[in-house]
Amino acid sequence: MENKKEKIVIANWKMKLSLKETVELAKKMKSKFTGFKKGTVVVCPNFVSLAEVGKAIKGSPVKLGGQSVFWEELGAYTGEISANMLAEAGCEYVIVGHSERREYMLENYEMIHKKLKSVLNMDKLTPIVCIGENMNERKTDRRDFVLTHQLQQALGGISFLKNQEVIIAYEPIWAIGSGVAIEPAEAEYAHKIVKLTLNDLFGPQVAANNFRIVYGGSISSKNVKGFTDLENTDGLLVGGASLDAEEFYKVAKAMIK
Ligand code: PGA
């Protein structure tokens, strides 16, 4: 079956660039993508660069996203930023539960669930929820269980307003930053597991209409071709290769045809 969903390509700049470098990259993205009419292109800079990047990409089709969010709206939560604040800074998207935050900031299932719920309740941002198995889980044949479990924990009990969208990013942890993406067929298989789980959780209509499923982990212009025509792959989450405007443009152009 042909995949008719609008494709999305998301740049995750992590904590890899200074404010100056981030704004320079954003300006280059604007000039590359101006006139790019199809699909969705999102850049996720660090928090302190959001407002400047928002200005730099204004007038281009590139959209702004945050790399994380807190689950409360306002209050005594030192160091945190709410969904509303991200929206005020110009964000339309936000990454929730990236594996690096699970590892270094000890984000657990409950926190990820609360974050997702608050983002959907505030209804101003589209969440990009990251899931994926680690090497040990893969070696011991637990990938399918891990994906199902992570989705149940993040999304279970959530109800959607009409037309609300959630992006699920399947990122095998061991492939992130490794330089080697997984085989497209394997990503496609994992995305089918995601789809079946979403069917179970929300029914086929919501699963089909309210979700896009993307792959992330060492995508570059060299391997993107294998991911462009898959039935259950609606886009890509790109780290390293998104730090160069020309390289990211090549990835997006290949994916969003
Ligand atoms: P990578 O990162 O493309 O550098 O592997 C992807 C990610 O962590 O989102």
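Scroll up for the structure.
Along each chain, numbering runs from 1 in the same order as the chain's sequence is written. Local features in this predicted model are restricted to residues of pLDDT 70 or higher, and side-chain atom pairs are both shown and tallied only at a pLDDT of 80 or more, whereas totals for entire chains, interfaces and linings draw on every residue. For side-chain calculations, the full set of non-hydrogen atoms in the structure is used, while hydrogens and water are omitted.

1. Structural notes on the overall build of the protein chain
- Strands are runs of DSSP state E lasting at least two residues, helices are runs of H or I lasting at least four, and both sets are numbered from the N terminus onward. If you tally the helices and strands in the protein chain, you get 10 helices and eight strands.
- For the protein chain, whose C-alpha radius of gyration is 17 Å, the value lies close to the compact-globule estimate of 18 Å for 257 residues.
- In terms of its C-alpha atoms, the protein chain occupies a principal-axis envelope of roughly 45 × 45 × 35 Å.
- Each residue gets one of three labels from its accessible area relative to the maximum for its type: buried under 20%, exposed over 50%, partly exposed in between, using a 1.4 Å probe on protein chains only. Buried positions account for 54% of the 257 residues belonging to the protein chain.
- Of note, the protein chain has its 34 positive side-chain charges centred 6 Å away from the centre of its 31 negative side-chain charges. All radius of gyration figures rest on C-alpha atoms, and the globule criterion is 2.2 Å times the number of residues raised to 0.38. None of His or the chain ends enter the tally, which takes Lys and Arg as positive and Asp and Glu as negative. In plain terms, the charge of a residue is placed at NZ if it is Lys, CZ if Arg, CG if Asp and CD if Glu.

2. Quick look at the packing of aromatic side chains
- Here a pair means two rings of Phe, Tyr or Trp (six-membered ring of Trp) with centres within 6.5 Å. Their orientation is stacked below 30 degrees between planes, edge-to-face above 60, and tilted elsewhere. Evaluation of the coordinates by the stated rule reveals 11 aromatic pairs.
- Ring geometry for Phe 160 versus Phe 202: centroids 5.0 Å apart, planes at 75°, classification edge-to-face. Of the two residues, Phe 160 sits in the loop between α7 (143-155) and β6 (166-170) while Phe 202 sits in helix α8 (residues 184-202), which places them 42 residues apart along the sequence.
- Among the aromatic residues, those joined into a ring-pair cluster are Phe 33, Phe 36, Phe 248 and Tyr 249.

3. Focus: the state of the cysteines
- Here, the term disulfide refers to a pair of cysteine sulfur atoms separated by no more than 2.5 Å. Using the criterion set out here, one finds zero disulfides in the structure.
- Free cysteine Cys 91: the closest other cysteine sulfur is in Cys 44, separated by 7.6 Å.
- Given a relative accessible area of 3%, Cys 91 falls into the buried group.
- A disulfide-free cysteine, Cys 130 has its sulfur positioned 9.3 Å from the sulfur of Cys 44, the nearest such atom.

4. So, the sheet that holds strand β4 (residues 93-96)
- Here we have eight strands rolled up into a closed barrel, ordered β1-β2-β3-β4-β5-β6-β7-β8, and parallel in their pairing. On average, each strand axis in the sheet is tilted by 25° relative to the strand beside it, whichever way the strands run.
- Bridge count for strand β1 (residues 8-12) against strand β8 (residues 235-238) is four bridges, and the pairing is parallel. Looking at the pairing, Ile 10 lines up with Leu 237 of β8.
- In the packing of helix α2 (residues 50-57) onto the sheet, the strands contacted are β2 (40-44) and β3 (62-66), and the crossing angle to β3 comes to about 170°.
- On top of the sheet, helix α10 (residues 245-255) reaches β1, β2 and β8; it is set at about 160° to β1, its chief contact. Strands were regarded as paired on the criterion that DSSP finds at least two bridges between them. Lines fitted to the C-alpha atoms define the axes, with helices restricted to the stretch that makes contact. Angles between their N-to-C directions range from 0 to 180 degrees. Residue contacts are defined here by distance: any two heavy atoms, one from each residue, within 4.5 Å place the two residues in contact.

5. Here we look at the environment of Lys 63
- Checked against the element boundaries, Lys 63 lands in strand β3.
- Along the primary structure Lys 63 and Lys 115 are separated by 52 residues, whereas in three dimensions their C-alpha atoms are 21 Å apart.
- Beyond its immediate stretch of four places on either side in the chain, Lys 63 contacts Thr 40, Val 41, Val 42, Val 43, Ile 57, Glu 92 and Tyr 93.

6. Notes on the nonpolar core
- By nonpolar core is meant a set of buried Ala, Val, Leu, Ile, Met, Phe, Trp, Tyr and Cys residues that side-chain atoms within 4.5 Å join together. If you look at the biggest cluster of nonpolar residues, it comprises 69 residues, and the most contacted ones within it are Phe 33, Leu 155, Ile 168, Tyr 215 and Leu 236.
- Sort the elements by how many residues they give to this core and α10 lands first, with seven residues.
- In contact with Leu 236, not counting residues within four places along its chain, are Ile 8, Val 9, Ile 10, Val 214, Tyr 215, Ile 219, Val 224, Phe 227, Val 251 and Met 255.
- Val 42, Tyr 93, Cys 130 and Leu 237 belong to the second-largest nonpolar core, a separate cluster that totals 12 residues.

7. A short note on the packing of helix α5 (residues 109-122) against α7
- Following both chains from N to C, one finds α5 and α7 inclined at 50°, their axes separated by 7 Å at the closest point. As judged from the angle between their axes, α5 and α7 are oblique. Contacts from Tyr 109, Ile 112, His 113 and Leu 116 of α5 reach α7 at His 149, Gln 150, Gln 153, Ala 154 and Leu 155.
- Among the residues forming the contact of α5 with α7, the class breakdown is five nonpolar, four polar and no charged. The cut-offs work like this: below 35 degrees is roughly parallel, past 145 is roughly antiparallel, 65 to 115 is roughly perpendicular, and the gaps in between are oblique. Basically, the charged four are Asp, Glu, Lys and Arg, the nonpolar ten are Ala, Val, Leu, Ile, Met, Phe, Trp, Tyr, Cys and Pro, and anything else, Gly included, counts as polar.

8. Comments concerning the site of the ligand
- Lining the immediate surroundings of the ligand are Asn 12, Lys 14, His 98, Glu 171, Ile 176, Gly 177, Gly 217, Ser 218, Leu 237, Val 238, Gly 239 and Gly 240.
- His 98 places a polar side-chain atom, nitrogen or oxygen, 2.8 Å from an oxygen atom of the ligand.
- Polar contact is defined as a pair of N or O atoms within 3.5 Å, subject to the rule that within protein one atom must be able to donate a hydrogen and the other to accept it, and that residues adjacent in sequence are counted only when both atoms are side-chain atoms. The backbone of Gly 177 places a nitrogen or oxygen atom 2.7 Å from an oxygen atom of the ligand.
- Across the shell around the ligand, the residue classes tally to three nonpolar, seven polar and two charged. Being near a molecule or strand, for a residue, means having at least one of its heavy atoms within 4 Å of it.

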